[in-house]
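Residue strings, one per chain:
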Amino acid sequence: MAKKSVTDLNVKGKKVLVRVDFNVPMKDGAITNDNRIVQALPTLKHLLAEGAKVIAFSHLGKVKTEEDRLTKTLKPVAVRLGELLDQDVKFVPETRGEALENAIAAMNDGEILVFENTRFESGETKNDPELGKYWASLGDLFVNDAFGTAHRAHASNKGIAAHLETAAGFLMEKEINFIGGVVDAPERPLVAILGGAKVSDKIGVIENLIEKADKILIGGGMMFTFLKALDQNIGKSLLEADKVDLAKSLIEKAEAKGVKLLLPIDVVASKEFSNDSEFRTVAVADIAADEMGLDIGAESVKLFAKELEGAKTVVWNGPMGVFEMPNFAKGTIGICESIAGLKNAITIIGGGDSAAAAMDLGFADQFTHISTGGGASLEYLEGKVLPGVESISEK
Ligand code: ADP
Ligand code: MG
């Protein structure tokens, strides 16, 4: 069933609670990347233009100590939001109480208020029913646009949704359409490219995608556990010895399902985990005992590019190599280029580091969708029900 969209709501003159993801990186009190605020703008602008009274809120970081209460305030975010909207944004440094309630009562249509970090309330992450009910009492309607926390059942998403008509914001809707689309009803052929550091982080994703994909291409650190499972040589590359049997069974499962599972044929190898140490591209069979593979090689990029041809949907999670070091970024760049060059394919990136890699490498505009939620997109790809998505009202 389809979820209700912000465009399905009649918001004029209504107090609309909006859970956004303003969990931006900060350093010494300054925002270092405002992308998440920018991503929230379409929903906020839409509501303001429709004459809603917008009450926006988010968590920011983890709040454990008293010092966190000083450094994790949303105030700088409210200031930046005002600049981006080119409109006054009232900031209320409270998460409940009279000051907040009075500020809301004083709002006019088309105005926006941001209240303090939801995690200043200890009940937030426990989905304390009293807290969700209280926050819900502050508004008439609820819009959830925070996909980044959709995999958590917190008071500021699931808790509020239990009491109010709830719709997805534009960003949430996009995530449901694209990431949800991959797991629910992908256009075929569906090719999944999986990499990253560890098999153990991705077991759920691989298991679920074996059920859905036509092909699975594996790179990154986890390729070596798969190569080991096939009795191949890996030198001193990253290995999860306790996951070799699992890798074996995943390979067998793919075979039984008729899913083509491909591993790299060459790697960029080095004796040290360092950008300063010497490196060379070698066939997997030729990795020396004292070398580790830190990227997939050029032949593997070619092989993967060929397998991508004709794909209708491509989902990518996990860098192909240690892309943070320029000497080991070429595999990830090569795969970015191949995916970006596909015509007539829906191309999607899930996973925090993969999304960061694609953006750092300058491919931000060349994918159909780059997920904004690292952990949430992984759990979605694992086929899990996300509480933040589930709690949105049906159309
Ligand atoms: P995502 O956040 O997209 O799900 P992961 O967190 O699983 O991705 O993996 C990202 C990390 O994997 C990167 O920091 C990268 O350096 C590391 N990585 C990729 N290839 C290798 C490799 N061959 N050896 C060690 N680490 C690797
Ligand atoms: Mg990661």
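Residues numbered from 1 in each chain as written. Chains lettered and ligands numbered in written order. Predicted model: local features only at pLDDT ≥ 70, side-chain atom pairs only at ≥ 80, totals over all residues. Heavy atoms only, no water.

### Observations regarding the overall build of the chain
In step 1: Scanning the chain from N- to C-terminus turns up 15 helices and 17 strands.
In step 2: For 395 residues, the compact-globule estimate of 2.2 N^0.38 gives 21 Å, and the C-alpha radius of gyration of the chain, at 23 Å, lies within 12% of that figure.
In step 3: Dimensions of the chain, computed from the C-alpha atoms along their principal axes, are close to 70 × 45 × 35 Å.
In step 4: Counting all 395 residues of the chain, 56% fall into the buried class.
In step 5: Counting 45 positive and 58 negative side-chain charges, the chain places the averaged centre of each group 2 Å from the other. (Helix = DSSP H or I, 4+ residues; strand = E, 2+ residues; numbered from the N terminus. Rg over C-alpha atoms; globule rule 2.2 N^0.38 Å. Buried < 20%, exposed > 50% of the residue type's maximum accessible area, 1.4 Å probe, protein only. Lys, Arg positive; Asp, Glu negative; His and termini not counted. Charge placed at Lys NZ, Arg CZ, Asp CG, Glu CD.)

### Topic: the domain arrangement of the chain
In step 1: Domain annotation for the chain reports domain 1 (6–171) and domain 2 (179–381).
In step 2: Once you take the C-alpha centre of each, domain 1 and domain 2 turn out to be 36 Å apart.
In step 3: Each side of the interface is counted separately: domain 1 has seven residues, and domain 2 has eight residues.
In step 4: Here domain 1 and domain 2 share an interface that buries about 640 Å² over both sides, 65% of which is from carbon and sulfur atoms.
In step 5: Broken down residue by residue, the surface that domain 1 buries against domain 2 is led by Phe147, His151 and Leu171, which jointly contribute 69%.
In step 6: Linking domain 1 to domain 2 there are zero residue pairs in polar contact (both at pLDDT 80 or more).
In step 7: By residue class, the composition of the side of domain 1 that touches domain 2 is two nonpolar, three polar and two charged. (Domains from an automatic or database assignment. Contact = heavy atoms within 4.5 Å. Buried area = accessible area lost by both parts, 1.4 Å probe. Polar contact = N/O pair within 3.5 Å; in protein donor to acceptor, adjacent residues only side chain to side chain. Nonpolar A, V, L, I, M, F, W, Y, C, P; charged D, E, K, R; others polar.)

### Brief notes about the pairing of strand E14 (residues 292–296)
In step 1: When you tally the buried positions in E14, you get five out of five residues, the bulk of the element.
In step 2: For strand E12 (residues 266–270) and E14, the ladder comprises four bridges, and the chain directions are antiparallel. From the neighbouring strand, Ala269 faces E14, where its bridge partner is Gly293. (Pairing = 2+ DSSP bridges.)

### Thoughts on the environment of Ile176
In step 1: Its location among the elements puts Ile176 in helix H7 (residues 170–184).
In step 2: Ile176 gets classed as buried once you look at its relative accessible area, which sits at 18%.
In step 3: A C-alpha to C-alpha distance of 9.6 Å links Ile176 and Ala2, two positions 174 residues apart in sequence.
In step 4: Here Ile176 is in contact with Lys3, Gly181, Tyr380, Val389 and Ile392, once residues within four sequence places are set aside.

### Quick notes on the packing of aromatic side chains
In step 1: Within the structure shown, the criterion is met by seven aromatic pairs.
In step 2: Judged by centre distance (5.9 Å) and plane angle (35°), the ring pair of Phe115 and Trp135 falls under tilted. In this pair, Phe115 sits in strand E6 (residues 112–115) while Trp135 sits in helix H5 (residues 129–137), placing the two residues 20 residues apart along the sequence.
In step 3: Residue Phe115 is classed as buried on the basis of its relative accessible area of 0%.
In step 4: With relative accessibility at 1%, the residue Trp135 sits in the buried group.
In step 5: Through a chain of ring-to-ring contacts, the aromatic side chains of Phe57, Phe115, Trp135 and Phe142 assemble into a single cluster.
In step 6: One Lys or Arg, Arg69, reaches over the ring of Phe120 and ends 5.0 Å from the middle of that ring. (Phe/Tyr/Trp six-rings, centres within 6.5 Å; stacked < 30°, edge-to-face > 60°. Lys NZ or Arg CZ within 6 Å of the ring centre and 35° of its normal.)

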